[in-house]
Protein chains: 2
Amino acid sequence: MAPSAEVIRKTVDAYIETVATGTAAQVVALYAEGATVEDPVGSDVRTTREAILEFYSVIENFDQEAHLQTLRIAGNEAAFHFSLITKLGEQTLTIAPIDVMTFDDDGKILSMRAFWNQEDMISA
Amino acid sequence: MAPSAEVIRKTVDAYIETVATGTAAQVVALYAEGATVEDPVGSDVRTTREAILEFYSVIENFDQEAHLQTLRIAGNEAAFHFSLITKLGEQTLTIAPIDVMTFDDDGKILSMRAFWNQEDMISA
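Small disclaimer: the values here were computed from a predicted structure and weren't measured.

(A) Representation of the relation of the copies chain A and chain B in the model. Note on the identical chains: chain A maps onto chain B by a rotation of 180 degrees and an axial translation of 0.0 Å, with an RMSD of 0.0 Å. Here the transformation between the copies is reduced to the relation of a two-fold axis. When you check the interface residues of chain A against chain B, 100% turn up at the interface there too, and the contact is symmetric in its surfaces.

(B) Representation of the side chain of A:Ser83 in the model. Summarising the element assignment, A:Ser83 is placed in strand β3 (residues 77-88). If we skip the residues at most four places from it in the chain, A:Ser83 touches A:Glu65, A:Ala66, A:His67, A:Gln69, A:Thr94, A:Ile95 and A:Ala96.

(C) The side chain of A:Asp99, seen in detail. Structurally, the position occupied by A:Asp99 is in strand β5 (residues 98-103). Here A:Asp99 is in contact with A:Tyr15, A:Ala78, A:Ala79, A:Phe80, A:Phe82, A:Met112, A:Arg113, A:Ala114 and A:Phe115, once residues within four sequence places are set aside.

(D) Structural detail: helix α3 (residues 49-57) of chain B. Residues and elements named next belong to chain B. Buried within α3 we find Ala 51, Ile 52, Phe 55 and Tyr 56. Projected down its long axis, α3 carries its buried residues within an arc of 130 degrees, all on one side. Residues of α3 that are exposed and angled more than 90 degrees away from the buried face: Glu 50 and Glu 54. On its buried face, α3 sits against α1 (5-21), α2 (24-28), β1 (31-38) and β6 (109-115).

(E) Layout of the pattern of salt bridges. If you walk through the whole model with that rule in mind, you get twelve salt bridges over all chains. Note that A:Glu38 and A:Arg113 form a salt bridge whose closest N and O atoms lie 2.8 Å from each other. Of this pair, A:Glu38 sits in strand β1 (residues 31-38) while A:Arg113 sits in strand β6 (residues 109-115), and the two are 75 residues apart along the sequence. Accessibility expressed as a relative area gives 12% for A:Glu38, which makes it buried. When its relative accessible area of 23% is taken as the criterion, A:Arg113 is described as partly exposed. Of the charged contacts in the structure, one is a salt bridge between B:Arg72 and A:Asp120, with a shortest N-O distance of 3.7 Å. With one member in each of two chains, B:Arg72 in strand β2 (residues 63-74) and A:Asp120 in the loop between β6 and β7 (121-123) form a pair that bridges those chains. The same class applies to B:Arg72 and to A:Asp120, which are both buried. Each member of the salt-bridge network shares a partner with another, and the members are A:Glu38, A:Arg113 and B:Glu77.

(F) Expanded view of the interface of chain A and chain B. In this complex, chain A contributes 20 residues to the contact, which on the side of chain B involves 20 residues. For the pair chain A and chain B, the summed buried area comes to about 1700 Å², and 59% of that belongs to carbon and sulfur atoms. Area buried by chain A at its contact with chain B is led by A:Arg72, A:Ile98 and A:Phe115, which between them contribute 35% of it. Summed over the shared surface of chain A and chain B, the result is four salt bridges.

What counts and what doesn't
- Within each chain, residues carry numbers counting from 1 in the order of the written sequence.
- Starting at A for chains and at 1 for ligands, labels are handed out in the order in which the entities are written.
- It should be noted that, the model being predicted, local features are given only for residues of pLDDT at least 70 and side-chain atom pairs only at 80 or more, the latter also being counted only at that level, while totals for whole chains, interfaces and linings use all residues.
- Heavy atoms from the whole structure form the basis of all side-chain values; hydrogens and water molecules are not counted.
- Copy-to-copy alignment: least squares on C-alpha atoms, limited to residues at pLDDT 70 or above in both.
- Only heavy atoms enter the contact rule, under which two residues are in contact if any of them lie within 4.5 Å.
- Here a strand is any run of E in DSSP of at least two residues, a helix any run of H or I of at least four, and the numbering for each starts at the N terminus.
- Each residue's exposure class comes from its accessible area (1.4 Å probe, protein chains only) as a fraction of the maximum for that residue type: buried when under 20%, exposed when over 50%, partly exposed otherwise.
- Directions drawn from the helix axis to the C-beta atoms are what define this arc.
- Salt bridges, as used here, are contacts in which a Lys or Arg side-chain nitrogen is within 4 Å of a carboxyl oxygen on Asp or Glu.
- Accessible-area loss on putting two parts together, using a 1.4 Å probe and summing over both, is the definition of buried area adopted here.

That's the geometry; what it means functionally is another story.
In structure tokens:
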């Protein structure tokens, strides 16, 4: 049975919060066993828990905040536009991708694909 | 060779304009041979030109306008959030999905998947 929209929404909210302020392990805990990560779309797909953990470890210690702009849920999938703002001293780096996720019956993330490219990074 | 971001952007712009104000045939002309349409995500995938034409014929004669909110391009794919506003007398019906498309080398649409559900329709 597909997860309810409410369950999917909770996972997306938790994802955005933990990406910004949680540990890499907390982010990975939102993923199902066997999950895949393609970020950005077109790059090599990460297929192991270790590779996904490594991916999120890179941003783990940054001073960040994240905000959900738009979330659309359909079936057991979701697409959402969010912004991740990283503070680097007096500077901020904003990246606002559109992510597409599929979910298992428990609302865990089965796959994540992030749509963005270098031009979408804004330094201010 | 993957199409450039500029080529993809042009197709997305043309898509949004023709969906709102063009004919169904004009929309279908933006699709590659063998293209697929899944709208909304989770529904049956349309795999023939006839089925795709039928899909767009339904909204062909409506008084509509469309606006692109956010477009993210990665590799030969794009995700974009746009709003389609249909005028029904004094009423307006707004649907603002996130669409995901893949493109062939010429920038024609190979696949379209639309993320939205009934709750995303706003009548005003």
